[in-house]
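Working through the structure, step by step
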Amino acid sequence: MKLRILWTMGALWLLLSVGLAAQMAPLAPGHGPFTWTAYPTDEIGIADAPMATEITPAGGLYTGWGELDFYVGYPLRPVRQPERTLEDGDLPIVHYRFRDGQVRYQARLFSWALDPRHPDRQPVNYITIVAHNASARPRTSYFTLGFRYSGGMTGPGATGAHRFRRPVAPGKPGDYSQPGVKFDPHWTYGFRQLAGAGLALRSGQIVYSFPPAPRPRLSQPYGQARKLSVYPATPALEARYALHLAPGATERLNFKMPVEPIALADAAAVRRFTGLRTAAALKLARAWWRAQLRRGLQLELGEPKTLATFRASLMYLMLARDRVRQAAAPGRPGRNLYVQTVNKLQYHAFWLRDGSFMLRAYDLSGHPRRAAQCLAFFPRFQLADGNFLSQQGQHDGWGEALWAVGQHEQLTGDRGFAAAWWPRAARAVAWLERARAKDPLGLLPGGNPHDDEFVNTWAHITGDNFLALDGLHAAIALARGLGHAAHAVAWQRLYANYHQALFSRLRRDGASNGGYMPPGVDAAGGQDWGNLMGVYPHALLAPNDPLVTGTLRHALSHYGEGLITWGPYLHHYLTMNDTETWVRRGNQRAALRELYAILVHTSSTQAGWEVGPRPWTTRDFGGDLAPHGWFAADYIALLRNMLIEGEGRQLHLLSVLAPAWSHAGEKLAVRNAPTRFGTVTLRARFSASGMQLRLRTRFRQPPETIVLHLPWYVRASGATVDGRAVKIAGRTLQLPAGARAIAIRWQRRPATAAYSYRGAAAQFRAEWQRRYRAFRRQGMPKRIPARLK
């Protein structure tokens with residue numbers, strides 16, 4: 001988490017949150033797909049472009065240069081629809097509906113490049129509005145759009161609510177960046193017709209285009225540009241359409257909005273822009289995104305929301321990446337830098353911590369080229385002494401960088417990549433040895449990160465040391481793989497000594513605090529964060545170790561709405577550290593309860609967020625906009641790890657199998673899954689009497705065993721592997737590495753509806769409505785209940 005940025009972007013929201021805790025927002029009526037947030041934000045754009053477009057809570061389009069909003073009726077009413085969808089559930093093509101009496105509207109919003117020859121530059125937004133008269137009588141409905149600098153503003157110069165801060169020029173690649181302009185009270189506004197299109201102009205630049213027929217009523221006549229005395233939040237350049245619709249009739253309007261306004265003086269760009277056709281751009285956008293998402297790991301599950309969130313998460317990662325062109329310098333040719341940012345909204349920047357998990361998600365989902373391109377950016381953060389640092393005073397980057405490099409090598413087997421990174425890894429481990437030698441506890445240097453753990457004092461950060469051990473473990477594997485045996489042996493001794501120094505202290509202190517591993521090794525207080533990573537992403541402790549149990553118990557005592565809390569606030573993706581731990585502990589029910597709580601708190605466009613409000617209050621994440629890339633990365637890893645994961649010398653299959661995925665007649669498939677052993681494909685068919693499973697593997701190095709996990713809600717009566725009967729031990733089946741066909745006979749027990757997305761969403765909606773009715777009667781209780789019982 002990057003709360004220091006939140007203070008600059010959303011300080012008002014945080015200051016007001018105490019007061020807002022006394023409020024409770026009603027749920028949407030429920031006519032469309034469930035969305036948790038009361039004020040959803042979305043993002044459309046093109047991959048690797050330097051900017052994108054936010055879809056605001058009202059459904060408008062907000063960029064670095066301005067905001068295009070929609071209104072219906074007469075007098076005007078702002079459109080607002082929180083229940084939005086993605087085309088096919090995973091493409092960055094946003095759909096939503098709204099109404100004006102008996103006239104039903106559909107909106108479709110997407111982006112594509114101004115010049116298809118450069119598909120990652122100059123995005124243009126396409127807006128299609130379809131009005132349909134659903135009544136048996138003629139109807140006239142008014143649809144209006146208007147352009148302004150920003151909505152949601154609370155004062156001059158303020159960043160609008162639920163919007164990102166702009167413009168901001170980065171000091172260097174990876175810094176926060178938002179191309180755009182500051183508000184200028186001297187701008188002129190006007191309309192013009194050109195090449196059969198209506199153009200809305202601000203100081204001689206096209207901010208949107210509109211169809212001249214049916215003829216709209218414009219806020220000022222064509223060709224009469226003038227200065228307007230408006231505030232930044234005041235709509236200007238309004239175009240109102242009176243749509244006269246016969247019974248059952250439909251009217252379609254197509255608009256275009258360049259993310260960066262196009263100067264009329266740029267004749268070539270204007271000609272290209274006015275020549276763009278929505279249907280052609282839509283075809284290209286669909287084809288490009290579908291081609292990307294059809295590569296690599298492919299999943300098939302009998303639960304659409306669970307699967308769509310996996311695929312949309314991958315799309316959101318791609319959408320968040322930048323391609324930055326580095327100019328040539330003496331002795332160095334120009335080159336492309338690929339920078340994995342968190343999103344192109346309020347977190348349009350790079351962090352080693354977020355980046356490492358996002359790049360691993362590319363590797364886990366079968367997109368190693370994207371991961372390798374982004375990993376080439378990491379060396380910019382290695383200091384002369386060998387340390388990796390992306391934020392001063394925060395020592396998590398050392399472990400995260402080496403861990404990400406090691407994961408890429410293990411999942412791809414790319415020895416050339418490993419050899420290229422070897423000198424940097426050796427320098428990094430040398431820095432760690434020197435740093436530990438100077439530290440009185442034999443750990444990473446202490447600090448006060450003012451982020452994540454928020455220990456609010458100088459301390460040795462538990463999670464930073466966990467990550468350092470993860471990175472060191474990855475470096476050892478790198479050394480072994482490259483044949484540097486002496487380094488591997490020496491670093492293994494270093495690992496053992498480091499592990500002992502850290503966990504002896506944590507065990508000593510845990511004896512008096514219930515086994516809890518606090519955020520700071522030698523400091524009281526703080527927020528649970530990296531201290532939740534004792535088992536995942538690398539098993540530093542056995543899953544059932546008392547320290548893991550104690551830390552889970554402490555975290556669970558601070559849950560709300562089924563999610564972990566960070567301070568008093570809900571935290572979306574942080575929850576998945578615990579969920580991954582439940583997977584490794586073999587507690588399938590706990591893992592599924594959290595999976596569905598996580599899914600319930602996504603938007604109807606499968607977007608996750610970071611830190612939100614207090615539980616059972618506003619459902620408003622303020623300036624911490626969705627989608628969030630670290631959420632996307634963690635979700636990809638979680639669902640993949642539930643289905644297939646290589647850990648140590650074992651390959652685990654179906655560690656968590658939800659009842660909704662295994663009903664009679666259902667199919668489940670995991671195709672082309674990268675693992676540390678090679679690529680694996682599994683296909684399962686379920687019947688009332690059991691499961692038929694087929695495996696196809698391309699192992700570089702086979703696992704010692706394959707462990708097939710059985711769900712808790714079945715009673716197995718027998719199994720065969722490649723036609724031979726085998727024994728079931730508890731709830732696992734040990735398979736040889738060459739196993740191909742597995743058949744299991746079982747009887748299925750009833751499983752509660754809570755272990756499905758639909759059941760969890762219905763349960764949450766019912767509980768929210770119950771609490772909301774009580775709130776309407778008596779107000780918010782002084783003590784907000786900690787979690788959904």
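Below is a short write-up of the structure. (Residues numbered from 1 in each chain as written. Predicted model: local features only at pLDDT ≥ 70, side-chain atom pairs only at ≥ 80, totals over all residues. Heavy atoms only, no water.)

Regarding the overall build of the protein
- Across its full length, the protein carries 15 helices and 34 strands.
- Radius of gyration (C-alpha) of the protein: 27 Å, near the 28 Å computed for a compact globule of 789 residues.
- Along the first, second and third principal axes, the C-alpha atoms of the protein reach 80 × 65 × 55 Å.
- Total accessible area computed for the protein in this model is approximately 29,900 Å², and 53% of it derives from carbon and sulfur atoms.
- Side-chain charges in the protein split into 97 positive and 54 negative, and the spacing between the mean points of these groups amounts to 6 Å. (Helix = DSSP H or I, 4+ residues; strand = E, 2+ residues; numbered from the N terminus. Rg over C-alpha atoms; globule rule 2.2 N^0.38 Å. Areas by Shrake-Rupley, 256 points an atom, 1.4 Å probe, with all protein chains shown as cover. Lys, Arg positive; Asp, Glu negative; His and termini not counted. Charge placed at Lys NZ, Arg CZ, Asp CG, Glu CD.)

Here we look at the layout of surface pockets
- Its boundaries defined by the atoms lining it, the largest pocket holds a volume of some 930 Å³.
- Residue assignment for the lining of the largest pocket shows that the elements contributing at least two residues are helix 5 (352–364), helix 7 (396–412), helix 9 (462–481) and strand 25 (644–647).
- Looking at the lining of the largest pocket element by element, the count peaks at 7 residues for helix 9.
- A class-by-class count of the residues in the lining of the largest pocket yields 11 nonpolar, 11 polar and 12 charged.
- Reported here for the second largest pocket is a volume of approximately 600 Å³. (1 Å grid on protein atoms, 1.4 Å probe; cavity = no way out; pocket = protein on both sides within 12 Å on 5 of 7 lines; lining within 4 Å. Points joined across faces, edges and corners; volume = space filled by probe spheres on them. Nonpolar A, V, L, I, M, F, W, Y, C, P; charged D, E, K, R; others polar.)

Regarding helix 8 (residues 415–438)
- Helix length check: helix 8, at 24 residues, gives a terminal C-alpha distance of 34 Å against a target of 34 Å (1.5 Å per residue), a fit within 8%.
- Tryptophan 422 marks the point of greatest bend in helix 8, at about 45°, and the proline proline 423 comes within the next four residues.
- Against the buried residues of helix 8 lie helix 6 (368–375), helix 7, helix 9 and helix 10 (485–510).
- The N-terminus of helix 8 is capped by aspartate 414, whose side-chain oxygen sits 3.1 Å from the backbone nitrogen of glycine 416. (Expected span 1.5 Å × (residues − 1). Bend = angle between axes of the 7 residues up to and from the residue. Contact = heavy atoms within 4.5 Å. Polar contact = N/O pair within 3.5 Å; in protein donor to acceptor, adjacent residues only side chain to side chain.)

Some thoughts on a positive patch on the surface
- A contiguous patch of positive charge, built from Arg589, Arg593, Arg715 and Arg731, is present on the exposed surface.
- Position of arginine 715 among the secondary structure elements: in strand 31 (residues 714–721). (Patch = residues over 30% accessible without salt bridge, like charges linked within 9 Å, V, L, I, M, F, W, Y side chains within 5 Å. Salt bridge = Lys/Arg side-chain N within 4 Å of Asp/Glu carboxyl O.)

What to know about the packing of aromatic side chains
- A full pass over the atoms with the stated rule returns 42 aromatic pairs.
- With centroids separated by 5.0 Å and ring planes inclined at 25°, the aromatic side chains of tyrosine 573 and tryptophan 630 adopt a geometry described as stacked. With tyrosine 573 in the loop between strand 24 (569–570) and helix 12 (575–585) and tryptophan 630 in helix 14 (residues 629–643), the pair connects residues that are 57 residues apart, well separated along the chain.
- For tyrosine 573, a relative accessible area of 2% translates into the label buried.
- Residue class for tryptophan 630 comes out buried when judged on its relative accessible area of 3%.
- Every member of this aromatic cluster is reached through a ring pair, and the members are Phe70, Tyr96, Phe98, Tyr105, Phe143, Tyr241 and Phe255.
- Between arginine 163 and the ring centre of tyrosine 62, over which it is positioned, the NZ or CZ distance is 6.0 Å.
- Over the face of the ring belonging to tyrosine 149 we find arginine 166, whose NZ or CZ atom lies 4.2 Å from the ring centre. (Phe/Tyr/Trp six-rings, centres within 6.5 Å; stacked < 30°, edge-to-face > 60°. Buried < 20%, exposed > 50% of the residue type's maximum accessible area, 1.4 Å probe, protein only. Lys NZ or Arg CZ within 6 Å of the ring centre and 35° of its normal.)

Some details on the packing of helix 4 (residues 304–320) against helix 5
- With their axes 11 Å apart at the nearest point, helix 4 and helix 5 run at an angle of 125° to one another. The orientation of helix 4 with respect to helix 5, classified from their angle, is oblique. By crossing handedness, the relation of helix 4 to helix 5 is classed as left-handed. Contacts from Leu314, Leu317 and Met318 in helix 4 reach Met358, Ala361 and Tyr362 in helix 5.
- Within the contact of helix 4 with helix 5, the residues separate by chemical class into 6 nonpolar, no polar and no charged. (Axes fitted to C-alpha atoms, helices over the stretch in contact; angles between N-to-C directions. Parallel < 35°, antiparallel > 145°, perpendicular 65-115°, else oblique. Left-handed = near helix turned anticlockwise from the far one by under 90°.)

Points about the environment of leucine 317
- Along the chain, leucine 317 falls in helix 4.
- By relative accessible area, which is 0% here, leucine 317 ends up buried.
- Between the C-alpha atom of leucine 317 and that of alanine 376, which follows or precedes it by 59 residues, the distance is 17 Å.
- Beyond its immediate chain neighbours, meaning those up to four positions away, leucine 317 contacts Gln340, Met358, Ala361, Tyr362, Gly629, Ala632, Ala633 and Ile636.

Let's talk about the sheet that holds strand 32 (residues 724–726)
- What the 7 strands build is an open sheet, ordered 19-27-28-29-34-31-32; its pairing is antiparallel. Each having just a single partner strand, strand 19 (298–300) and strand 32 make up the two edges of the open sheet. When strand polarity is set aside, the average angle formed by the axes of neighbouring strands in this sheet is 20°.
- Bridge count for strand 27 (residues 667–675) against strand 28 (residues 678–687) is 7 bridges, and the pairing is antiparallel. Its bridge partner being in strand 28, alanine 669 is matched across the sheet by arginine 683. (Pairing = 2+ DSSP bridges.)

What to know about empty space enclosed by the protein
- Applying the stated criterion across every chain yields a total of 11 cavities of 30 Å³ or more.
- The computed volume of the largest cavity comes to approximately 100 Å³.
- Forming the walls of the largest cavity are 14 residues, and the residues nearest its centre are Arg353, Asp396, Asp452, Glu453 and Asp464.

A closer look at the environment of proline 258
- Along the chain, the position of proline 258 falls in strand 17 (residues 250–258).
- For proline 258, a relative accessible area of 3% gives the class buried.
- Taking the C-alpha atoms as reference points, proline 258 and asparagine 336, 78 residues apart in sequence, are found 24 Å from one another.
- In this view, proline 258 contacts Pro123, Val124, Ile206, Val207, Tyr208 and Phe273; residues no more than four positions away in its chain are not counted.

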